[in-house]
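The residues making up each chain are set out below.
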Amino acid sequence: MMAFSLKAWTGFPAEHLRGFLLCCALLIPALAVAQQPLTKITFGTNWFAQAEHGGFYQAKATGIYEKYGLDVTITMGGPQVNNLQLLLAGRQDFTMGYPIRNLNSVNQNMPVVTVAAPFQSDPQALLAHPHVKSLEEIKGQPVYVFSGAQQTFWPWLKQRFGFSDDMIRPYTFSVAPFLADKSVVQQGYVTSEPFAMEQGGVKPSIFLFADYGYPPYAQTIETTREMIESNPEVVRKFVQASMEGWKSYFENPAPANALIKKDNPEMTDAQIAFGIGKIKEYGLVAGGDAATKGLGVMTDERWKATFDFMAKAGLVPEDMDYKQAYRLEFLPSPPVMP
């Protein structure tokens, strides 16, 4: 019987052909994975596109979401957008949330769960004219805040600094009253309103609540219990990819910034740069526990501190099961270090 020869049959040495066949064997499964359809996901932000959303836009712009098998659509929030309602109605799969709202939702038996905290500190602050040097000096003075402050930071200011409800003035989402009157104190994000004030000729005194112990996380990732139960791996992948997006954003924000300006044409390069600078300056994303435990990290201790403040303020019952508001098992493992 004639011996079978790969070289005689193909014209190639056997070892070369075996190597070629091995490469094919390895490549075919990879191609099969690549051809699998991406899972479509809708993520809603809490405002018009800005630097505070940079990590999510970066994950989309650089293909990080696609690497994890996700086709993510980012929809902007705004003053007329209730992203919690959109989440509960199934029109969003994930939304940008806030622990105080989440705890209130759980108290009302809404199936909302927080799975990561991109912002380790709330960027909310009081902004005053330069002659004001402390929060204590503001006590008794008029302060312009939005109506929702009564359910968020205002009870904390009352507890911590003795503020009173008669100090409240309606906030108009504009810095014009501030620029026109040196006695005006108003709320604002450290990443946003100070920029407009500086453009108007006033460098404000900034009192970031987190620096004084205000406990909530911010810009959190919320989803529903149904999503967690039916698609836990999708939840895990979305959190992982989003945190990798934040890491990438700080390394080179250009891809995300292009998408931010596309969604929000009024956003300028200068405003974005200011926002990124303040996020870094105050350690809003990479500071706190994130510095040692990874981006997006949450802890039972921080959630309990937020719940304790709310219970003391009468915002939620003292006997509610606050741990229903969050889950820790979807955080990246290993951590995405800043």
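Each remark here, short or long, concerns the structure printed above.
This text gives an overview of the structure that appears in the document. Because the structure is a prediction, the values reported are computed rather than measured.

### Things to note about the pattern of salt bridges
Logical step 1: One pass over the structure, following the stated rule, counts 11 salt bridges.
Logical step 2: Here Glu198 ties to Lys203 by a salt bridge, and the two come within 3.4 Å at their closest N and O atoms.
Logical step 3: Residue Glu198 is classed as partly exposed on the basis of its relative accessible area, which comes to 29%.
Logical step 4: Its salt-bridge partner being Glu251, residue Lys247 comes within 4.0 Å of it at the nearest N-O pair. Taken together, the positions of Lys247 and Glu251, both in helix H11 (residues 232-251) and four residues apart, correspond to about one turn of that helix.

### Digging into the pairing of strand S2 (residues 70-75)
Logical step 1: Of the two faces of S2, only one is covered, namely that formed by Leu70, Val72 and Ile74; the face formed by Asp71, Thr73 and Thr75 stays uncovered.
Logical step 2: Sheet analysis places strand S1 (residues 39-44) next to S2, joined by six bridges and oriented parallel. Looking across to S2, one finds that Phe43 is bridged to Ile74.

### Overview of the side chain of Asn102
Logical step 1: Within the secondary structure, Asn102 sits in helix H6 (residues 99-107).
Logical step 2: Judged by relative accessible area, which is 0%, Asn102 ranks as buried.
Logical step 3: If we skip the residues at most four places from it in the chain, Asn102 touches Val112, Val113, Thr114, Glu222, Trp303 and Ala325.

### Section: the layout of surface pockets
Logical step 1: Here the second largest pocket is characterised by a volume of approximately 170 Å³.
Logical step 2: Taken together, Leu87, Leu88, Gly90, Gln92, Asp93, Pro111, Thr223, Thr224, Glu226, Met227, Ser230 and Asn231 form the lining of the second largest pocket.
Logical step 3: Counting only elements with at least two residues in the lining of the second largest pocket, the list comes to helix H5 (83-88), strand S10 (220-224) and helix H10 (225-230).
Logical step 4: No other element matches H10, which puts three residues into the lining of the second largest pocket.

### Quick look at the sheet that holds strand S5 (residues 124-128)
Logical step 1: Taken together, five strands build an open sheet; the order of strands is S7-S6-S8-S5-S9 and the sheet is mixed. Every interior strand has two partners, whereas the edge strands, strand S7 (168-170) and strand S9 (205-208), have only one. Adjacent strand axes in the sheet meet at a mean angle of 40° when their direction is disregarded.
Logical step 2: Of the pairings in the sheet, the one linking strand S6 (residues 143-145) to strand S8 (residues 185-189) comprises two bridges and is parallel in character. Each residue of the ladder has a partner; that of Val143, found in S8, is Val185.

### Observations concerning the side chain of Ser105
Logical step 1: Looking at the element boundaries, Ser105 is found in helix H6.
Logical step 2: Once residues within four sequence positions are removed from consideration, Ser105 is found in contact with Leu84, Met110 and Val112.

### Topic: the environment of Leu84
Logical step 1: With respect to the helices, strands and loops of the structure, Leu84 is situated in helix H5.
Logical step 2: Between the alpha carbons of Leu84 and Asn102 there is a distance of 9.3 Å; along the sequence they are 18 residues apart.
Logical step 3: Residue contacts for Leu84: discarding those within four places in its chain leaves Arg101, Ser105, Met110, Val112 and Glu222.

### Some remarks on the packing of H6 against helix H15 (residues 300-312)
Logical step 1: Interaxial distance between H6 and H15 falls to 10 Å at its minimum, and their mutual angle equals 70°. When the axes of H6 and H15 are compared, the pair comes out roughly perpendicular. In this structure, H6 meets H15 at a crossing whose hand is right-handed. Listed contacts from H15 to Pro99, Ile100, Asn102, Leu103 and Asn104 of H6 are Trp303, Thr306, Phe307, Phe309 and Met310.
Logical step 2: Within the contact of H6 with H15, the residues separate by chemical class into seven nonpolar, three polar and no charged.

### A look at the packing of helix H12 (residues 254-263) against helix H13 (residues 269-281)
Logical step 1: Two numbers describe how H12 lies on H13: the axes approach to 11 Å, and their chain directions differ by 125°. In terms of axis orientation, H12 runs oblique to H13. Judged by the twist between their axes, the crossing of H12 over H13 is right-handed. Contact residues: H12 offers Asn257, Ile260 and Lys261, while H13 offers Asp269, Ile272 and Ile276.
Logical step 2: Looking at the contact of H12 with H13 residue by residue, the classes come out as three nonpolar, one polar and two charged.

### Notes on the packing of aromatic side chains
Where two aromatic rings form a pair, the distance of their centres and the angle of their planes describe that pair.
Logical step 1: Scanning all chains against the criterion turns up 26 aromatic pairs.
Logical step 2: Ring geometry for Trp246 against Phe250: centres 5.8 Å apart, planes inclined by 40°, an arrangement best described as tilted. Of this pair, Trp246 and Phe250 both sit in helix H11, separated by four residues, roughly a single helical turn.
Logical step 3: Centre to centre, the rings of Trp303 and Tyr326 are 4.7 Å apart; their planes meet at 10°, and the pair counts as stacked.

What counts and how
Residues numbered from 1 in each chain as written. Predicted model: local features only at pLDDT ≥ 70, side-chain atom pairs only at ≥ 80, totals over all residues. Heavy atoms only, no water. Salt bridge = Lys/Arg side-chain N within 4 Å of Asp/Glu carboxyl O. Buried < 20%, exposed > 50% of the residue type's maximum accessible area, 1.4 Å probe, protein only. Helix = DSSP H or I, 4+ residues; strand = E, 2+ residues; numbered from the N terminus. Pairing = 2+ DSSP bridges. Contact = heavy atoms within 4.5 Å. 1 Å grid on protein atoms, 1.4 Å probe; cavity = no way out; pocket = protein on both sides within 12 Å on 5 of 7 lines; lining within 4 Å. Points joined across faces, edges and corners; volume = space filled by probe spheres on them. Axes fitted to C-alpha atoms, helices over the stretch in contact; angles between N-to-C directions. Parallel < 35°, antiparallel > 145°, perpendicular 65-115°, else oblique. Left-handed = near helix turned anticlockwise from the far one by under 90°. Nonpolar A, V, L, I, M, F, W, Y, C, P; charged D, E, K, R; others polar. Phe/Tyr/Trp six-rings, centres within 6.5 Å; stacked < 30°, edge-to-face > 60°.

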